[in-house]
Amino acid sequence: MPESLTPLTPLSPPSPLAFPAGFLWGAATSAYQIEGAVREDGRTPSIWDTFSHTPGRTVGGDTGDVAVEHYHRYRDDVALMADLGLNAYRFSVSWSRVQPTGRGPAVQRGLDFYRRLVDELLAKGIAPAVTLYHWDLPQELEDAGGWPARETAYRFAEYAGFVAEALGDRVESWITLNEPWCSAFLGYGSGVHAPGRTDPAAALHAAHHLNLAHGLGTQALRAALPARARVAVSLNSAVVRAVSGSAQDLDARRRVDNLANGVFHGPMLHGAYPADLLTDTARITDWSCVKDGDLAAIHQPLDALGLNYYTPALVSAAPEGGSSSADGHGASDHSPWPSAEEVAFHQTPGERTEMGWTIDPTGLHELIMRYTREAPGLPLYITENGAACDDKPDPDGRVHDPERIAYLHGHLAAVRRAITDGADVRGYYLWSLLDNFEWAYGYSKRFGAIYVDYETQARIPKSSAHWYATVAGAGALPRELVLD
């Protein structure tokens with residue numbers, strides 16, 4: 001095990017509210033949500049450019065054309081991170097900015113932006129974590145078949161090598177894919193995300209080729225990066241709970257758990273798809289997309305695992321008359337859960353964020369402990385966690401968001417409890433650094449710790465940002481939750 005991955009040592013004497021020494025306190029973003037500058041320096045359209053410009057696909061017809069102009073304001077944004085005392089920043093690279101159309105040589109102008117960003121972060125003492133794919137597939141690759149096509153996985157590996165060669169001398173933390181479940185099942189199943197296709201078989205094939213892309217991309221990274229580099233993947237593994245202990249409800253939970261979790265962590269962590277997943281979906285696909293050698297290619301050793309968590313799922317067997325698609329992933333006549341037609345989704349009880357997602361920190365603790373058992377010895381990072389709130393400046397121009405402070409306090413307490421229970425959690429990345437383009441919701445939902453006036457692009461750190469800065473500076477949660 002590399003020296004940089006030796007287990008962290010808790011503070012001594014241990015405090016019930018303290019985090020381990022060396023814990024990373026970060027924030028996260030993604031390229032299409034913040035960069036803007038979609039037609040500059042050789043960048044070509046991604047599937048999200050096409051999707052957001054299609055009438056009826058996003059709230060208000062919003063697009064990421066301008067977003068929050070991070071492409072031109074990155075120095076100011078990094079200065080804000082430094083002011084808040086963050087020591088880590090997770091960002092994604094725009095594939096079509098680096099390799100327009102997804103084929104051919106890398107474009108140095110595109111890579112130069114990320115070189116400048118990384119240099120700025122390092123100058124401020126902020127560790128960069130690069131995510132190679134956060135949903136913005138080059139449109140020309142989608143036109144050639146997209147993720148349901150095997151060739152896309154090979155194109156991803158080539159792209160991963162380009163980025164590694166450009167940034168590998170300065171970046172140690174690498175993430176292949178962000179939330180491949182969303183890419184496969186919201187993009188090709190329910191159609192609420194780009195590219196907006198609604199084909200259950202295509203969704204399952206996309207899942208396999210995303211897995212393959214992760215494996216091939218990991219190989220490409222290791223071939224190009226120094227030995228000290230760490231390679232991970234970020235999964236939005238779901239915490240799936242059954243309404244009751246009945247056999248029917250438990251089977252509904254099993255089906256959804258396989259589609260949400262096993263379809264990715266099975267091959268990535270264990271080298272095989274769950275046998276009952278293949279049985280459940282046999283009437284949709286024969287899985288002939290899985291070729292000899294694929295599972296070995298996918299099952300690459302990882303240095304860490306990223307977990308993204310927002311809210312748990314509650315399911316039961318569907319009542320007579322059909323299933324419910326109210327799963328919190330957007331309205332569609334098509335389900336993102338192929339072969340789960342007999343499953344009903346229920347709203348979990350409790351307070352909700354502006355997304356309608358129930359606030360339940362116990363789910364984060366449950367998720368961490370599951371992967372502590374699922375992948376013993378593998379360091380964990382919380383690579384996304386946060387809440388959308390109805391944030392507005394007050395007459396003095398300040399933005400108070402006590403709901404987000406309460407959310408973060410509860411979820412960080414869950415992380416700390418998991419560490420106490422034996423989990424090796426190395427860091428936490430708040431979603432998100434900035435208010436931004438929230439995919440199909442456009443600019444109607446605000447997740448940022450920093451408020452953005454979309455008309456002027458002015459940035460205002462919210463009260464939650466100052467609270468988080470205090471926690472990060474102390475390396476510990478306050479003993480009492482004090483709202484502003």
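Rules used throughout
Residues numbered from 1 in each chain as written. Predicted model: local features only at pLDDT ≥ 70, side-chain atom pairs only at ≥ 80, totals over all residues. Heavy atoms only, no water. Phe/Tyr/Trp six-rings, centres within 6.5 Å; stacked < 30°, edge-to-face > 60°. Helix = DSSP H or I, 4+ residues; strand = E, 2+ residues; numbered from the N terminus. Buried < 20%, exposed > 50% of the residue type's maximum accessible area, 1.4 Å probe, protein only. Lys NZ or Arg CZ within 6 Å of the ring centre and 35° of its normal. Pairing = 2+ DSSP bridges. Axes fitted to C-alpha atoms, helices over the stretch in contact; angles between N-to-C directions. Contact = heavy atoms within 4.5 Å. pLDDT = per-residue confidence, 0-100. Expected span 1.5 Å × (residues − 1). Arc of directions from axis to C-beta. Salt bridge = Lys/Arg side-chain N within 4 Å of Asp/Glu carboxyl O.

Applying the stated criterion across every chain yields a total of 33 aromatic pairs. Between Trp95 and Tyr159, the aromatic rings sit 4.7 Å apart at their centres with planes inclined by 10 degrees, giving stacked as the arrangement. Remark: Tyr159 occurs in helix α7 (residues 151-167) and Trp95 occurs in helix α4 (residues 95-98); sequence separation between them is 64 residues. The same class applies to Trp95 as to Tyr159, namely buried. Three or more aromatic residues joined by ring pairs make a cluster, and in this case those are Tyr32, Trp48, Phe51, Trp135, Phe437, Trp439, Tyr443 and Tyr454. A cation over an aromatic ring shows up here: Arg97 above the ring of Tyr71, its NZ or CZ 4.2 Å from the ring centre.

Our next topic: the sheet that holds strand β6 (residues 240-242). Across the sheet, which stays open at both edges, the three strands sit in the order β6-β8-β9 with mixed pairing between neighbours. At either margin of the open sheet sits one strand with a lone partner, and together these are β6 and β9 (343-346). Here the strands of the sheet are splayed against their neighbours by 40 degrees on average, with no regard to which way each runs.

What follows covers the sheet that holds strand β11 (residues 425-431). Strand order in the closed barrel made by the eight strands is β1-β2-β3-β4-β5-β7-β10-β11, with parallel pairing throughout. Shown here is a sheet whose adjacent strand axes are inclined to one another by a mean of 25 degrees, direction ignored. As paired elements, strand β4 (residues 173-178) and strand β5 (residues 230-235) share four bridges and run parallel to each other. Of the residues in β5, the one forming a bridge with Asn178 is Ser234. On the sheet, α7 packs against β3 (127-133) and β4 and is oriented at approximately 160 degrees with respect to β3.

To continue, consider the confidence of the model for the chain. In low-pLDDT regions, the fine details of the predicted coordinates are not to be read closely. Looking at the chain as a whole, its pLDDT mean stands at 95, while 95% of the residues score no less than 70. Within the model, pLDDT remains below 50 along residues 1-6, and this stretch shows 10 contacts once partners closer than five positions in the same chain are excluded. This model gives residues 10-16 a pLDDT under 50, and the stretch forms eight contacts once residues within four places in sequence are excluded.

What follows concerns helix α5 (residues 108-123). Residues separated by three or four positions in an α-helix point in the same direction, a consequence of the helix having 3.6 residues per turn. Across its 16 residues, α5 extends 22 Å between first and last C-alpha, which sits within 8% of the 22 Å expected from 1.5 Å per residue. Among the residues of α5, those classed as buried are Gly110, Leu111, Phe113, Tyr114, Leu117, Val118 and Leu121. All buried residues of α5 lie within an arc of 150 degrees about the axis, which places them on one face of the element. Next to the buried residues of α5 lie α1 (31-34), α3 (70-83), β2 (88-92), α4, β3 and α7. One or two positions beyond α5, positive phi appears at Gly125, with a value near 75 degrees.

This structure, assessed with the given rule, holds 38 salt bridges. In this structure, the salt-bridge partner of Arg150 is Asp294, at a minimum N-O distance of 2.6 Å. One end of the pair, Arg150, is in the loop between α6 (139-143) and α7; the other, Asp294, is in helix α12 (residues 294-298), with 144 residues separating them in the sequence. In this structure Arg150 comes out as partly exposed when scored by relative accessible area, which is 24%.

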